[in-house]
Amino acid sequence: MNYHVKDLKKYADEGKKRILWADGDMPVLQQVRDEFTKRKPLKGMRMSACLHITAETANLARTVKAGGADLVLCASNPLSTQDDVAASLVRDFKIPVFAIRAEDRKTYYQHIKAAIDHQPHVTMDDGCDLVNELHTKRQKEAENIICSLEETTTGVIRLRSMEKQNSLLFPVIAVNDAATKNLFDNRYGTGQSTMDGIIRATDFLLAGKRVVIAGYGWCGRGCAMRANGMGANVIVTEVDKIKALEAAMDGFLVMPMAQAAKVGDLFVTLTGNKHVIRPEHFRKMKDGAIVCNSGHFDVELDLVGLKKMAQKTRRQVRNHVDEFTLKNNKRIFLLAEGRLINLAAAEGHPASVMDMSFSTQALVGQFVVKQKGKLAPKVHDVPQTIEQKVAHLKLKSMGLKIDTLTPVQTAYLASSTEGT
Ligand SMILES: NC(=O)c1ccc[n+]([C@@H]2O[C@H](COP(=O)([O-])OP(=O)(O)OC[C@H]3O[C@@H](n4cnc5c(N)ncnc54)[C@H](O)[C@@H]3O)[C@@H](O)[C@H]2O)c1
């Protein structure tokens, strides 16, 4: 078996413990795995997954393998790999992994190449890097692809732009857009784990601080909610009028970044956009301001601009914290090199929320294999039946029951004439 991970001997024991611990909080995925073990719906399928290599992803990988797939994993971000998990996947679960934390750009792409060399029928992506390689450099391998599954907002944005240009070579399912994914994973997962990453990196007290959240999508909402809950005064910056209104009516201050830059103690970008915080903003910040990103790519902060305006860079004043001293003598602290703070400085989303995202992924994997040849090369939504199944199983696992419509209510909702 080919693989490239850090050190099997040194890390695999710890990785196994973490994978099994996470599994305990993933009851829906466990149930899907049991079904897959019995029925092997992915038998004969080669799959390549470019995902954050975390304990939760390991449990998705185990599920897909239990379903009969021949799976290879590579990292979807150079700083999100958990080396212990990667080692255990190889040693204990016999799943080939190509991922080493803090790998350079060349190694990152070599690892994606290794995943494509596997000649997959189905791919899973988090950010569209693997699909992009298939479209730009590996069109031959793209011919074998039945479908690809995309996990995050940024990846779906890239895929929709390919769809618009009619350049998609195979169908894609926007797993990110499922309610069972983004309502929970992006909001509660990113919300909590982003704060966790910031606190682990800095030991920062949120109470009484001014926390600027750039972007009030699902991730931004989650972060604003959690920062607020910990006593911070939250300021939101937005470019979308409706989201800005929503933030204002949720009780947050809304202002442009140029204004927020002057007053913020901590800045978090979650926009999926580029250069949201730029030199003109860094220049206005208070001495000691902390900046970080939890959006998919490390482009949300203009890091080249920041480096240029610094008279002195002192790397690593603390693990995950780089200090930049600007020409005006003010210091800016950059966390985790501007990469996703929750995965770089903490453990990513808690297992309980990834239980839903990854159960949806696994069931969509089964769906696309059944639909082989029937889906057009477009971006498709997750079928409602899968969303309902995941929500049903999650509620059940939480011991929650809900009401059902009475026949009178069903008829009332279906009627266009009854007004009383
Ligand atoms: N850290 C994680 O683990 C994690 C998890 C899920 C998603 N993500 C990533 O986080 C990012 C946001 O995801 P989302 O699901 O919240 O997306 P979203 O589309 O729901 O929200 C993004 C928001 O940012 C706003 N925005 C865009 N440009 C802006 C600018 N210049 N200034 C202020 N606001 C701006 C948009 O109007 C939108 O409201 C994406 O890159 C996504 O891939 C990260």
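Please refer to the structure higher up on the page.
Asks: Give a description of the pattern of salt bridges that names residues and reports values.
Replies: Evaluation of the coordinates by the stated rule reveals 26 salt bridges. Across the salt bridge formed by arginine 18 and aspartate 84, the nearest N and O atoms sit 2.9 Å from each other. Note that arginine 18 is positioned in helix 1 (residues 8-23) and aspartate 84 in helix 4 (residues 83-93), a separation of 66 residues in sequence. Taken together, the shared-partner salt bridges in this structure form one network comprising Arg18, Asp84, Asp196, Arg200 and Glu347.

Asks: Report on the pairing of strand 13 (residues 321-326), specifying residues and quantitative values.
Replies: By the criterion of burial, strand 13 is predominantly enclosed, with six of the six residues buried. The alternating pattern of strand 13 places Val321, Glu323 and Thr325 on one face and Asp322, Phe324 and Leu326 on the opposite face, and all of these are buried. Pairing of strand 13 with strand 14 (residues 331-335), which is carried by five bridges, proceeds in the antiparallel orientation. Across the sheet, the residue bridging to threonine 325 is arginine 331, located in strand 14. Connecting the antiparallel pair strand 13 and strand 14 is a turn made up of four residues, with asparagine 329 showing a positive phi of about 70 degrees.

Asks: I'd love a proper account of the site of the ligand, names of residues and values included.
Replies: By nearness alone, 27 residues border the ligand, and Thr152, Thr153, Thr154, Glu238 and Ser294 come closest of all. Within the contact set of the ligand, an oxygen atom lies 2.7 Å away from a side-chain nitrogen or oxygen of threonine 152. At 2.9 Å, a backbone N or O of cysteine 219 approaches an oxygen atom of the ligand. Surface burial for the ligand is 87%, taken as the share of its 870 Å² of free accessible area covered by protein chains. Where the shell around the ligand is concerned, the elements lending two or more residues are helix 8 (153-164), helix 9 (179-202), helix 10 (218-229) and helix 15 (341-344). Residues belonging to the shell around the ligand are distributed by class as follows: eight nonpolar, 16 polar and three charged.

About the thresholds
Residues numbered from 1 in each chain as written. Predicted model: local features only at pLDDT ≥ 70, side-chain atom pairs only at ≥ 80, totals over all residues. Heavy atoms only, no water. Salt bridge = Lys/Arg side-chain N within 4 Å of Asp/Glu carboxyl O. Helix = DSSP H or I, 4+ residues; strand = E, 2+ residues; numbered from the N terminus. Buried < 20%, exposed > 50% of the residue type's maximum accessible area, 1.4 Å probe, protein only. Pairing = 2+ DSSP bridges. Near = heavy atom within 4 Å. Polar contact = N/O pair within 3.5 Å; in protein donor to acceptor, adjacent residues only side chain to side chain. Areas by Shrake-Rupley, 256 points an atom, 1.4 Å probe, with all protein chains shown as cover. Nonpolar A, V, L, I, M, F, W, Y, C, P; charged D, E, K, R; others polar.

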